[in-house]
Structure formats: C-alpha cells, structure tokens
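Results of the structural survey
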Amino acid sequence: MQKRLSRCFIFILLLLGTTLLANYQFLGDVESYQLHPNGVRLECQQGIQLDIRFLLPNLVRFTLLLPGQSLDDRLTTPLYRKQWPAVALEVEEGKDRLVLLSSEVDVSIQFSPCRITILNKEGEVILEDDPGMGWGWEGNEIRSWKTIREDDRFFGLGEKTGDVNKRGREWVMWTSDIPGYDNNTDPLYQAIPFFIGLRHKKAYGVYVNNSYRTVFNMSAGNLRYFSFSVDGGIMDYFFIYGPQFSKVVQTYTEITGRTPMPPKWALGYQQCRWSYFPDREVLRVARTFRERNIPADVIYLDIHYMDDYKVFTWHPTRFPDPAGLMQQLEQMGFKTVVIVDPGVKADPNYAVAREGLENGYFLEYPDGQVYVGEVWPGPSYFPDFSYAEARGWWGRWLNRLFQVGVKGIWNDMNEPAVWGKAFPLEVLFQDEGRWKNQKKMHNLYGYLMAQATFDAFRRFRPRERPFILTRAGFAGIQRYAAVWTGDNVASFEHLALGIRMMLGMGLSGLTFIGTDVGGFIGTPSGELFARWMQIGAVSPLFRGHTHYGSVRQEPWIFGEEIERISRKFVRWRYRLFPYLYTLFWEASESGVPILRPLFWEFQEDEQAYNPAYQHQFLVGSHLMIAPVLKEGQRILKVYLPDGKWLELNSLNVYEGPGTIFIEAPLDQLPTFLREGGMLPYYPVRPYIVDQTPDSLQLSIYPAGRFGRFVLYEDDGSFRAGEDGNYRLTAFEFLRSGGKFQFNLELIASGLAEGKGPLILTFYDWKKAPRKIRLNGRKLSSSRSAANGYTYDPDTRKLIVWLERRDRPQALEIQ
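Here goes a summary of the coordinates provided. (Residues numbered from 1 in each chain as written. Predicted model: local features only at pLDDT ≥ 70, side-chain atom pairs only at ≥ 80, totals over all residues. Heavy atoms only, no water.)

**A look at the overall build of the protein**
Going by this rule: Secondary structure follows DSSP: runs of H or I at least 4 residues long count as helices, runs of E at least 2 residues long count as strands, and numbering of each begins at the N terminus. It is over C-alpha atoms that the radius of gyration is taken, and the globule rule equals 2.2 Å times the number of residues to the power 0.38. Each residue is placed in one exposure class: buried if its accessible area under a 1.4 Å probe, protein chains only, is under 20% of its type's maximum, exposed if it is over 50%, and partly exposed if it falls in between. Exposure was quantified through the Shrake-Rupley algorithm and a 1.4 Å probe, taking into account, for residues, occlusion by the shown protein chains and nothing else. Here Asp and Glu are counted as negative and Lys and Arg as positive; His is not counted, and neither are the chain ends. Charge placement uses NZ in Lys and CZ in Arg. For Asp and Glu, CG and CD serve respectively.
A tally of regular secondary structure across the protein gives 14 helices and 53 strands. Over its C-alpha atoms the protein spans a radius of gyration of 28 Å, differing by no more than 12% from the 28 Å that the globule rule assigns to 814 residues. Overall, the protein is about 90 × 75 × 50 Å in size when its C-alpha atoms are taken along their principal axes. Residue burial in the protein is summarised as follows: out of 814 residues, 63% are buried. As presented, the protein carries roughly 29800 Å² of accessible surface, and 48% of it is formed by carbon and sulfur atoms. Each charge class in the protein was averaged separately, 93 positive and 93 negative side chains, and the resulting centres sit 6 Å apart.

Right under this line is the structure:
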C-alpha cells in the first residue's frame, strides 16, 4: 500500500511540472511557444527552452537550453553544412499539443508535460520520449529517454565492438587507447555519437552534436527505454528519417561531411610494421615485393625513423638521407607514409618544442603552466589544435616531411594517449577564443589534428589528394582521414570482430576504413593470415601491420602456399580497382559506405538481421562476400537474400532467399555476384598510376530483366571533379521478349578517349547466340576480329570483344 502511494505521489509530481526525482530534474510543462519559419521555440517551466527546427523535410534539430545556455553555445566543429533552406511546414495547434508537419515526418509536441513524438506519414511512431521521464538533467549531465519496442534495433555508433546490432549494451563516447581490446571493450579510439535506429523496418538516425563524454544506453539493463546523455554542454541532437538506411546515412553525411576522393595509390596494398629500419631494410622489403610479383603501393615508417622519437626529425644513422630514400622508393612505384604523433619532446634544444613554447601553441593548465605528459619521447608537450594559428604552425612542420618526399601522414596516439591513460581534464584549449577544458575537447583532439594535417596538404601540396590515416576521431573525421580499427589481435575472433566494426563504422559515415591485416598483436597462423588477406582485399583500406618484436608478416613469410594465396588476392584487388574506385566516388557524392551489411540492400528481409549472418557483407550493391572465420573450416553455410546469385569461384548459380552450403578451400573466398551485377576490371600492374588504362574488362551476370552500372574514372588530381577531368560511363542491359540489349553510354567525358579493348563477359549464358549486332552491324563469331565474340557451352560464358570508344554503343544479342 505504501509503495503504491509513493508511486502515485511521484506521478503527481511529474504532472505538476519540472520536478526533482532521484536527483534528476525533468522537463515540465510548456508554458508558451513561438513559431518561426522552420519550427518552434518552446518556453517550459523554470526558464527551460526547447528549440525545434526543421532543416530538411526529413531532418529535425532539437536543442534543449537550460538557464544561461544559448543556441550560440552549440558545437560547430564537426558540422560541414552550416546553412539550410526553408522547409515548408503545416502547423496544427490544439489545447494540449502542437504538431509540426513536413512532407516526410510529423513532430507532435505534448504540452503537459513537454514530450515529443515523431511519426512518419503513415502514422507510425518512429521515435518518442518516455512519457514519465522524457528529458532530464542532474548537475552538468543532460539525458533524453526514449521508449523501446520489441522490434527496435540499433546500428552504427562508429568504432564499436560487439554485434552489428548494438541493442542491449551501453556505449560510451570517449576516445581511448586500448591495445588488444576484445569484444566487450568500450570505449575505443573513435567517438562517433550517431546511431541508426530501426522500427517497423523503417530506418532513422540520431546524431548527438556534443563532444563531451556521451553515453548511449540501448536498453541495457532495462526493458523500458533507451537513452542518450551528455556529461556537459548542450543537449543538441539531429533526428533523421529515412526510411531507407541509405537516406539516413546520406543525410547524416550532409550534416558532417563526406570522404573526398583519395589518391589512387591509397587503394593499393600498404605494408607496415613497427618498425622498418634502417633505410636499407625498407628498400629490401620494397624490392622483395617487386621480385615476388606481389603488387604494392605503400610502405610505412613507424616511430623508429625519428631521432629520439622527436616528431619531424630523422634518425641520423638509420635514415641519413630521407630524400634519397623517398626517391628510390618512388622509382620502384612506392609511396611513403610516416607516423606523426602529437607528443613533442620537452627538450629546450629541440626547435619544435622551442617554437611551441615561445608562441603558446601547447596545452596549458588553468594557471598557465604548460602541460607535460609522458609518451614515446618521454616528457612531452601537446599542441593545442583547437585554433587555426596552432594548426597552421603544425602544418609548416609537416611541410618539411612533404619536402623530402613523404606522401602520406599517419596520425597515431591522438586520443590523446599518455602513459597512465589519464590526460588531465582541467587542461585548457583555446577553442577559437572560447577557452574550454579537456572535458569538451578530448573527443575532438584526433579530429582537430587530422584537420591540421589536411590543411597542410591543401596549403603546401594543393594539386595532390591528401592521404591521412588516423587512429582517433569524432563525427566528421571522414572529411579528413582514413580510419583503422587500432591495435587488434592476431586471431580469428578479431578477424570477425574487425568485419563487424567496419560495418558499424560504414553505417556511421566512415568510408575509408580497414583493419591491421594479420593482427597487430601476436602472430597469425598461415591460414589466418591468408583468410585476413582475403578480407583485406575487399576492404577500403588494405594494410598489413604488426607489433614491434613480433614475427614478420609480409605475404611471403608464411611459406609458398600462403604467399601464392596472398598474391592471388592482392592481384584481384588491383584488378578490381575500377569497381572500388567507383564506390569511393559514390561515397564522396552521397556518403554511402563501401562495405554494407546485408540489410542495407535487403531491409525487409528478417534474416538479413540474423546475427548468424552478420559477417556476410556487400561490397557496393551487388558483390556479396561470405568470409571464412574459423581455422580449418572448408564448408561454409551462407545465407542468400532474394534473387539469383552467381558464385564467382565455381560459377554455380543459386537462388534466394535461403541458405546453402558451399566449399571454401583455403585459396578461395566465397564471393557472389547478384543478378544484374557488373564488375569492371583493369589489367594488373605492380603499382597504381594516375593514368587510366585503355583496356577494360566487364563481368556481367545478366539474370533478371535489367542491370546498370556507372563507372567513374578520372586523372587522379585533387580537383578532377571541379575541373571536369573525369569520365562517367553507364553500362546497362535490358531483357525483353527474346531480345537482350546491352548499351554503353557516355554520361560525361573530360578524359582522353580510351582506345583499348572493351571485353564483356556474360556469365550463365544459357546457349550460343544466333547473332549479335553492334550499332546495327553484325559481329563476327571469332576472336580474331576487332569486334567479335565467342561462346563456351561448358562454362556458359559469352565473351564479346569491342573497341572502347567515347561514343554510345548498342549491343543486341539474339
């Protein structure tokens, strides 16, 4: 009886308005409101304001302002788009609620107490405040509670462990250096406060625009709600409605920016080790790649290239002539990427330290004393990247590396990490004149360091596309840098975990992502290394890396069989370059990830969300990978979504939805081409060059009535898109009646006309064609002609040879 009365008393307090309950205060009644062109400002009890603003018909920004806070206090650093158009809204005003209606979603505002419900145009509730709590705060913490349903799923949140579906756990955003992490470790190196929710099979997104420590409780430890909270600053979040996953990510990256086109060489194989030294060892590794006919484009130099771990220096005996070394590597087709940590050795005789102290570029305590923390150089200062002058100073030092021939920068230890793992919270940042401490700026440190590096490339190498690899970052880091999953472990469990992490990162706007192939900590078996190379070959970033003092992990280390398998998949990567490069272009235009979970394309398919199949993934829209994730496994169970699928090793055709069992010998990666899919290939080269090859092969699986693929090619320059130095070619087939039409159409052409062969391979072609016409002219059924074709009934392959020309071509097959 007493408990029942207590609950009634609490409920009455909630209805009365802003109340104190278990140390949280909760948002009370709306006392008045003021409509503005894109939304409304709510005036709630005790001077609390809630600003609701439509930025697009599917994008709504919610900002809760406690007394003393203003809209000008909101975080601006990660926001790429600052201006938004007016959105046409209808307004329904009632006694107990106000409803704002766009063409895509309705925002319903209950007055007493103030609670928000967002509905789609079918009237389905997509996101709603918990009726009892809604919005609350305790001290500097502000929290928003949302109702949970049985069918709710959550994805994204950046670089996180666990399953692809993040429901049932609590996730923290606080960039942290955790070497050898496992499936339960959290937080890690990146802080991306963005997730995609799924309700009624409709996708939506929430981006919390706050860099303080944030916590996402995805129904962990309770069955009532999920919530997100910030430890300081303003509760400012963006709601995005899809209902497709693609539209959610597209809109999110419109807010935070998209990955620019990378240098072409960055898509090649990259070899790293902690550490390659001295210079003759670096050259030996490079020569061995060429001698063993394994394509490669990049060699990394880890911390041992520096003199006493001092950034922007070269060890005098290990690397006495860095410019000469870069030149020799360049002649072999290798680009050099060097590690740059933020810690600057506290040495008064060291020019970087001296300049930083004289100009006030280092972080300080509130009393003005320069902060000193310990990392690789020993006692070290840390640059304040939060204002432009310091970033420009750092960039001038980076230019010294550019001048000797360094082509890429690897930012590490930038969480920021120090020995003891406790960077003081009271340390101050200028923050462009706002003077904020580590509580706000910690999660932004890696992001701002990457920005400083990107700006240096643009200033000192304006014609080159920057390549920056970062360990730490915040929302929007995709604008500046590629990201890898940090210090992983050589195990099949980590191979699987890396796939899940990359899928989550892709759903969070991160395009250029990868893992340390083979595992950073420990030594892989030959079989594990081979399986990891297979996954690396289709990952956006393909880099092998290993720990200091570990067994070497170049592709030839594990014996002839593993070397042969590694060579096979590296060469496949290089053949697949035009496909992957086109996917990077798509990502730069729309933000869509290169690696996609099955549910990205098959949102209504319940099995696409099954954890048993969460490691299967799509590369683009039509290429599906089913990885082998256990030692000794040679038979694999694979789920096939709806449609016909061509397995590219056996050339067998399967039809989904359903599961199959296929053979998976060590030298094969189960790979499926979806009906209507097309894969462009280039000839294999030892390394990638900017010049587009004249010849092109196109593999086509012509099941179904229609298929289309648009190929992107350019000259590799930074301004290729703006200057028109690119070519877009649309390949399309249409099956109607007894005829099959294949068309090639040039959408845009700013490159020199290609004059090499265009080889079309049609798979699972049931019988020899009676005739084939090209632009109305009959083709010869002979390979000897410039334009001709052959058919193999055993493999069911129809191969057509054409000349690649910058003009429309129509192929009719009967």
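**Re the environment of R258**
To be explicit about the condition: In this description, contact between two residues means that some pair of their heavy atoms is separated by no more than 4.5 Å. In protein, a polar contact means a hydrogen-donor-capable atom and an acceptor-capable atom, both N or O and within 3.5 Å, with residues adjacent in sequence counting only if both atoms are side-chain atoms; elsewhere, any N or O pair within 3.5 Å suffices.
Position of R258 among the secondary structure elements: in the loop between α2 (245-256) and β22 (270-271). Along the sequence, R258 and G754 sit 496 residues apart, while their C-alpha atoms lie 30 Å from each other. When residues no more than four places from it in sequence are discounted, the contact partners of R258 are Q250, T253, Q478, R479, A587, S588, E589, S590 and G591. Among the polar contacts made by the side chain of R258, one reaches the main-chain carbonyl oxygen of Q250 at a distance of 2.8 Å.

**Some words on the layout of surface pockets**
Heads up, the rule is: The definitions used throughout rest on a 1 Å grid laid over the protein atoms alone, on which a cavity is an enclosed set of points accommodating a 1.4 Å probe that cannot get out and a pocket is an open set flanked by protein within 12 Å on both sides along at least five of seven lines; lining residues are those having an atom within 4 Å of a point. Grid points are joined across faces, edges and corners, and a volume is the space filled by probe spheres set on the points. Note on residue categories: nonpolar means Ala, Val, Leu, Ile, Met, Phe, Trp, Tyr, Cys or Pro, charged means Asp, Glu, Lys or Arg, and polar means any other residue, Gly included.
Estimates place the volume of the largest pocket at around 620 Å³. The wall of the largest pocket is formed by 23 residues, among which T259, P260, M261, S588 and E722 lie closest to the centre. Sorting the residues of the lining of the largest pocket by element identifies α2, α12 (577-590), β45 (706-714), α14 (720-723) and β46 (726-736) as the ones contributing at least two each. Taken together, the residues of the lining of the largest pocket sort by class into eleven nonpolar, five polar and seven charged. Space inside the second largest pocket adds up to approximately 510 Å³. Around the second largest pocket, the lining is made up of 22 residues, and of these W572, R575, L648, Y681 and Y763 lie nearest the centre. Listing elements by their share of the lining of the second largest pocket, those giving two or more residues are α11 (560-575), β43 (678-681), β44 (696-700), β48 (757-762) and β52 (797-803). With five residues, the top contributor of residues to the lining of the second largest pocket is α11.

**Description of the pattern of salt bridges**
Selection rule: Each salt bridge in this description consists of a side-chain nitrogen of Lys or Arg and a carboxyl oxygen of Asp or Glu lying within 4 Å of one another.
In total, this model carries 45 salt bridges according to the counting rule given. We note a salt bridge from R461 to E464, for which the minimum N-O separation is 3.9 Å. Accessibility expressed as a relative area gives 23% for R461, which makes it partly exposed. You can call E464 partly exposed: its relative accessible area is 25%. The shortest N-O distance in the salt bridge between D764 and K766 comes to 3.0 Å.

**Things to note about the packing of helix α10 (residues 526-536) against α11**
What counts, and what does not: Structural elements are reduced to axes, namely lines fitted to C-alpha atoms, with helices fitted over the stretch in contact, and the angle between N-to-C directions of any two is expressed from 0 to 180 degrees. Working definition: roughly parallel below 35 degrees, roughly antiparallel above 145 degrees, roughly perpendicular at 65 to 115 degrees, and oblique for all remaining angles.
Remark: α10 packs on α11, axes separated minimally by 9 Å, with the N-to-C direction vectors making an angle of 5°. Judged by the inter-axis angle, α10 sits roughly parallel to α11. Contacts from G526, E527, F529, A530, M533, Q534 and G536 in α10 reach I562, I565, S566, F569, V570 and R573 in α11. Grouping the constituent residues of the contact of α10 with α11 by class yields seven nonpolar, four polar and two charged.

**Some remarks on empty space enclosed by the protein**
Overall, the coordinates contain six cavities of 30 Å³ or more when judged by the stated rule. A volume near 130 Å³ is recorded for the largest cavity. Around the largest cavity sit K264, Y574, F577, Y682, P683, R685, Y687, I688, V689, Q691, T692 and P693, which together line it. Its residues placed into classes, the lining of the largest cavity shows eight nonpolar, two polar and two charged. Here the second largest cavity defines a volume of roughly 100 Å³. Lining the second largest cavity are 15 residues, and of these P260, P466, Y480, A481 and F512 lie nearest its centre.

**Quick word on the packing of helix α3 (residues 279-291) against helix α4 (residues 322-331)**
Put simply, α3 and α4 touch, their axes get as near as 11 Å, and they point 5° apart. Judged on the interaxial angle alone, α4 and α3 are roughly parallel. Across the interface between the two elements, D279, V282, L283, A286 and R287 from α3 touch L325, Q328 and L329 from α4. Class assignment for the residues of the contact of α3 with α4 results in five nonpolar, one polar and two charged.

**Some thoughts on the environment of I116**
Within the secondary structure layout, I116 lies in strand β10 (residues 115-120). For the pair I116 and D130, spaced 14 residues apart in the sequence, the C-alpha separation amounts to 8.9 Å. With sequence-adjacent residues up to four places away left out, I116 is seen in contact with L50, I52, F62, V107, S108, I109, L127, E128, D129 and W135.

**Overview of helix α6 (residues 388-403)**
Let me state the cut-off plainly: One fewer than the residue count of a helix, multiplied by 1.5 Å, yields its expected span.
Taking 1.5 Å per residue as the helical rise, α6 with its 16 residues ought to reach 22 Å, and the 22 Å between its terminal C-alpha atoms agrees with that figure. Among all positions of α6, only A390, R391, W393, W394, G395, W397, L398, N399, L401 and F402 are buried. Contact partners of the buried residues in α6: β24 (335-340), β25 (344-345), α5 (351-359), β28 (408-411) and α8 (445-460). Remark: G405 follows α6 within two positions and exhibits a positive phi of approximately 115°.

**Examining α8**
The end-to-end C-alpha distance of α8 is 23 Å, a good match for the 22 Å that 16 residues give at a rise of 1.5 Å each. Most of α8 is tucked away: twelve of the 16 residues are buried. Listing the buried residues of α8 in full gives Y445, G446, Y447, L448, M449, A450, Q451, A452, T453, F454, A456 and F457.

**A look at unusual backbone geometry**
In the segment running from W274 into S275, the intervening peptide bond is cis, with an omega of 0°. Relative to the elements of secondary structure, S275 occurs in the loop between β22 and α3. Cis geometry is adopted by the peptide bond preceding P278, which originates at F277 and carries an omega value of 0°. Examined against the element boundaries, P278 turns out to sit in the loop between β22 and α3.

**A few points about the sheet that holds β25**
Formally: Whether two strands pair depends on DSSP finding at least two bridges between them.
Read across the open sheet, the three strands follow the order β25-β27-β26; overall the sheet is antiparallel. Lying at the two open borders of the sheet, with one neighbouring strand each, are β25 and β26 (373-375). With three bridges connecting them, β26 and strand β27 (residues 378-381) associate as antiparallel partners. Bridge pairing in β27 links E374 to P379.

**Observations regarding the packing of aromatic side chains**
Here is the rule: Each Phe, Tyr or Trp ring, with Trp reduced to its six-membered ring, pairs with another whose centre is within 6.5 Å; inter-plane angles below 30 degrees give stacked pairs, above 60 give edge-to-face pairs, and intermediate values give tilted ones. Charge over a ring is defined by NZ of Lys or CZ of Arg lying within 6 Å of the ring centre and within 35 degrees of the ring normal.
Counted under the stated rule, the structure contains 74 aromatic pairs. Summarising the aromatic geometry, the rings of F312 and W394 are spaced 4.8 Å apart at their centres and angled 70° between planes, so their arrangement reads as edge-to-face. With F312 in the loop between β23 (298-301) and α4 and W394 in helix α6, this pair connects stretches of sequence that are 82 residues apart. Of the two residues, F312 and W394, neither departs from the other in class, the shared state being buried. Judged by centre distance (5.8 Å) and plane angle (40°), the rings of Y371 and F382 are tilted. Linking Y371 in the loop between α5 and β26 with F382 in the loop between β27 and α6, this pair joins segments that are eleven residues apart in sequence. When sorted by exposure, Y371 lands in the same class as F382, which is buried. Stacked on the ring of W171, the Lys or Arg K166 has its end atom at 5.2 Å from the ring centre. Just above the ring of F277 sits the side chain of R318; from NZ or CZ to the centre is 4.3 Å.

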